[in-house]
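Given next are the chains, with one letter for each unit.
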Amino acid sequence: MTASPTSRRRRARKSFVERTITGVGAAIEQTVYAETYARQDGFLQRVDPRAKVGLFALALLVTGLVHDLPLLAGLWLGLLGLGIATRLPFRVIAVRTMLGVPLFTGLIALPALFLVDGRSLFTIGPVGSITLTVSDQAVLSVATFLLRVSASVTLAALLVLTTRWADLLKALRIFRVPDVFVIVLGMTYRYVFLLLRLIENLFLGRASRTVGRTSSGEQRRWVGASMGTLMSRSLKMSNDVYAAMVARGFSGDVRTLATFRMRDEDWLFVSLGVALLGLAWLVDLSR
Amino acid sequence: MHIPDGYISPATALAFYGAVLPFWWAAGQRLKRVLTGQLVPALALFSAFTFAIMMFNIPVPGGTTAHAVGGTLAAVVLGPWAAIISVSVALIIQALFFGDGGITAIGANCFILGVALPLTGYGVYRLVSGRSDPLSRRRLLAAAIGAYVGINVAGLLVGLALGIQPIFWSENGRALYSPYGLREAVPAMLIPHLTIAGAAEVIATVFGLAYVQRAHPELLERRAATARVAPSARRLTLAIFVLLALFSPLGLLATGSAWGEWGSDELAQRVGYVPRGLEELESLWSAPLPDYTLPWMSETASFAEQALAYILSAIVGIALIFATAFALRILLRPRQGQQATAGG
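Position labels on residues start from 1 in each chain and follow its written sequence. Naming scheme: in the order in which they are written, chains are lettered from A and ligands are numbered from 1. With pLDDT at 70 or above as the cut-off, local features in this predicted model cover only qualifying residues; side-chain atom pairs require 80 or more to be listed or tallied, and sums for whole chains, interfaces and linings still use all residues.

(A) Geometry of the overall build of chain B. Counting from the N terminus, the helices are the DSSP runs of H or I reaching at least four residues and the strands are the DSSP runs of E reaching at least two. A tally of helices and strands in chain B yields 16 helices and four strands. Burial status across chain B gives 51% buried among its 344 residues. For the purpose of contact definition, each residue receives a C-beta atom placed from its backbone, and two residues are in contact when these atoms lie within 7 Å. Of the contacts made within chain B by residues no fewer than 6 positions apart, 76% connect residues no fewer than 24 positions apart. Neighbour counting defines burial: a residue surrounded by 20 or more other C-beta atoms within 10 Å of its own C-beta is buried, one with 12 or fewer is exposed, and intermediate counts give partly exposed, using backbone-placed C-beta atoms.

Rendered as C-alpha cells:
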C-alpha cells in the first residue's frame, strides 16, 4: 500500500510527543470528572465510604466466582441500573463500562471463538487451507469472559465515580491497610498531578520548539533526558516536602482524623447488599 | 500488560496477594530503617515519579511508540526496595483511580510488575555491572540487559498467570476466565515483550540512566555508597531463577501430553480442551517457544518424573544464562591499565 501525503501527514502528527500530551490530558480530565460526579448528590454518593468499599469488595469477589451466565448478565445489568439510579449520566457510564477495558477484552477474546473446542456450531471457510470452526463452548467461554470483565469494570467505575478520592483512601483502613501506606497513597495521588503537569509542559515546550522532523536517536535522548529531569525534580521535591513537613511539626508518626460515622441508611445499604449478593451466590451454587 | 478484573480467577488473585505481601513488608522494614522520618514524602514522590514514567510514550524503532514500566530504572537509581514500593503504589493508584488494571488483580500486577520486574532487572544489572564505576558505559549496558530481562520475565509471568486459567477453571469445556491456554497466552505475551515493549523499556532505562549519569552523578554515587541497602544481587537473582525453574513443569500442562496418564475423565476433558484448530498456528509458535516435550524421556514416564525432568532442564537453561552473564563480566572487565582512568 502506498501512503498518500495526507495519511503520512496524519501519522507524523501522531508522534510520541502528541501522544504523551493527549494521554496526560486525558488522565487529568478523567479524574477531574470523577471528582465532579462524586460531589453530586446521589444515592451511592451519600453512602458511607467504608460501607461502599466493603460491599463493593464483596461484590467483586462474587462477580469473580459466579459460574452461571444469566446470573452474570443480571449482575452486570443490575450494576448499570445502579449507576443510572445514582444519577450518573448514561453517557459516562457507557463510556466507562463498555468502551475501554471491555472493548479491548472483546477484541482479545475474538480469536478464542475459533480456538476453543466443543460441539461445532458453524464453520467459516475453507479459505485456502484454513477452516475456522466456532463451537458452542467457544461462544459460552467468550460470553462468560466478556460479561465477567464488564461487570467487574462497572463495579470499579461505580466506586470511583461516586466516592471522593480522599474518602476512598480513608476507607481502605477497614481492610487493615497500614496508615503509613494510606498516607503514601494519598500523597502520591497529589504529586502525580504535579508531575503530570510537569510532563505536559516539557512535551508542550518541545512540540512548540520543534519544526520538521527529528532523528529517532535525538528523540530517544530527549525522552531519556526528560525522565532524568523528572527524577531529579521529584527527588529534590521529596527533600523539600520533608523539610516543609518537619517545619509543621511532623515527627515521623502518622496521625489521622477518622470522621466517618455509619448512619442507619448505611447499615441498610450494607445489609441489603450483602443479602442480594449472598442470594446471587446461592443461586449460582444451586445451578 | 496490566491484568484487568475478571481475567484471572479469585483463587489466582488471592495467591498473588499472598505472594506480594512479604515483599511489601520486607521493603517497608528496610526503607523505614534507611529513610527514617523521611519515609513518607520520599516514597510518595518516588511513586509519583514512577507513575509519571508510565505515562511517557517512548519512540520505538519501527515508527511505533510504547509505554515503559521503568521498574529497572527505578531499581537502579532509587534502589530495589524503593522500586518495589514505588511501582506498587503507582499500580494501585492506576487501578483505583484510573481503571488501568483490575482491583482484584492488584496483587498479581504488583507482584509481576512491582516485584518480579525490578528485582530481576536489578539482579541482572548488578551481575553484569560488577564493581565497575557507577558512571561507566558498562553500567548502561548492564541496565539495558537488566531492563530487557526484567520486562520479559514480567511478560512471561503474565502469560503464565493467564494461561493456567482455562486449565484449572473450566466447566464442561467452558472457560470461566481468560479463555486462552498456555500455548496461546505465553507467546501472545512474550512476542510483544521480546520486541516492542522490550525495546521501549530498554530505551527508557538506558537513556534515563545516561542522563542521570551526566547530569546528576551524585545520585548514583550515593547509591553506590549505600549499597548494603540492596539485597545481595547474586542471592536475589538465584532465588528468582529457582522460582522460575519450579514453575517450569507448567510446560507439561501446555503440551497436554502427560495429562492422559492421569486417567480421570475430568482431566481428559481438560486435555481435549487444548484447541484442535490451532495446528496451523502451532508451527509458528514452535519457533519462539521450542517444543518442550523431552525426547529422551520414555513414553511411560510418570507425571512426577516428567515434572522433575522439566525442572532439571530449566536448571540447565538457567545455568547457561548464568554462564553467559559471567562470561560477559569477564569480557567487560576493565584491563589493568584502564582501571586508573575508569576510577577517576
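(B) Spotlight on unusual backbone geometry. Residue and element names in this part refer to chain A. A positive phi angle is found at arginine 87, which is not glycine, with a value near 70 degrees. Among the structural elements, arginine 87 can be located in the loop between helix 5 (69-85) and helix 6 (90-98). For arginine 87, a count of 14 C-beta atoms within 10 Å puts it in the partly exposed group.

(C) Layout of the environment of B:Val87. Residues and elements named next belong to chain B. Structurally, valine 87 can be placed in helix 4 (residues 80-97). When the 28 C-beta atoms within 10 Å are taken as the criterion, valine 87 is described as buried. In this structure, the C-alpha to C-alpha distance between valine 87 and phenylalanine 111, residues 24 residues apart in sequence, is 10.0 Å. Ignoring anything within four residues of it in the chain, the contact list for valine 87 reads Thr50, Gly71, Ala74, Leu113, Gly114 and Pro118.

(D) Inspection of the packing of helix 11 (residues 179-209) of chain A against helix 12 (residues 216-247) of chain A at higher detail. All names here are of chain A. At their nearest, the axes of helix 11 and helix 12 sit 11 Å apart, and the two run at 145 degrees to each other. Note on packing geometry: the crossing formed by helix 11 with helix 12 is right-handed. Here Leu195, Leu198, Ile199, Leu202 and Arg206 of helix 11 come into contact with helix 12, specifically with Trp222, Ser226, Leu230, Arg233 and Ser234. Gly is placed with the polar residues, together with every amino acid not listed as nonpolar (Ala, Val, Leu, Ile, Met, Phe, Trp, Tyr, Cys and Pro) or charged (Asp, Glu, Lys and Arg). Split by residue class, the contact of helix 11 with helix 12 holds six nonpolar, two polar and two charged. Lines fitted to the C-alpha atoms define the axes, with helices restricted to the stretch that makes contact. Angles between their N-to-C directions range from 0 to 180 degrees. Handedness of a crossing is defined here by the sense of rotation of the near helix relative to the far one, left-handed for an anticlockwise turn of less than a right angle and right-handed for a clockwise turn.

(E) Local environment of the interface of chain B and chain A. In this assembly, 66 residues from chain B lie in contact with 72 residues from chain A. Ranked by residue count, the leading element in the side of chain B that touches chain A is helix 2 (residues 39-55) of chain B, at 13 residues. Looking at side-chain class alone, the side of chain B that touches chain A contains 43 nonpolar, 17 polar and six charged residues.

(F) Broad picture of helix 2 (residues 16-39) of chain A. Multiplying 1.5 Å by the residue count of a helix minus one yields the expected span of that helix. Across its 24 residues, helix 2 of chain A extends 35 Å between first and last C-alpha, which sits within 8% of the 34 Å expected from 1.5 Å per residue. Those residues of helix 2 of chain A not exposed but buried are A:Phe16, A:Val17, A:Thr20, A:Ile21, A:Val24, A:Ala27, A:Ala34, A:Tyr37 and A:Ala38.

(G) Fine view of the UniProt feature "transmembrane region" (unreviewed entry) in chain B. All names here are of chain B. UniProt positions are given in the numbering used here, feature names are shortened, and annotations may be inferred rather than shown by experiment. According to UniProt, the "transmembrane region" (unreviewed entry) feature falls on residues 7-27, 39-60, 72-97, 103-128, 140-169, 189-212, 233-254 and 307-332. Here residues 39-60 is 77% helix and 14% strand, with 36 Å between the C-alpha atoms at its ends. The distance separating the terminal C-alpha atoms of residues 72-97 is 24 Å; by composition the span is 96% helix and 0% strand.

(H) Here's a closer look at the nonpolar core. B:Leu43, B:Ala52, B:Ile58 and B:Ile93 are the most contacted members of the largest nonpolar core, which totals 172 residues. When near neighbours in sequence (up to four residues on either side) are disregarded, B:Ile93 contacts A:Leu185, A:Thr188, A:Tyr189, A:Val192 and B:Phe51. By convention in this section, buried Ala, Val, Leu, Ile, Met, Phe, Trp, Tyr and Cys residues joined through C-beta atoms within 7 Å make up a nonpolar core.

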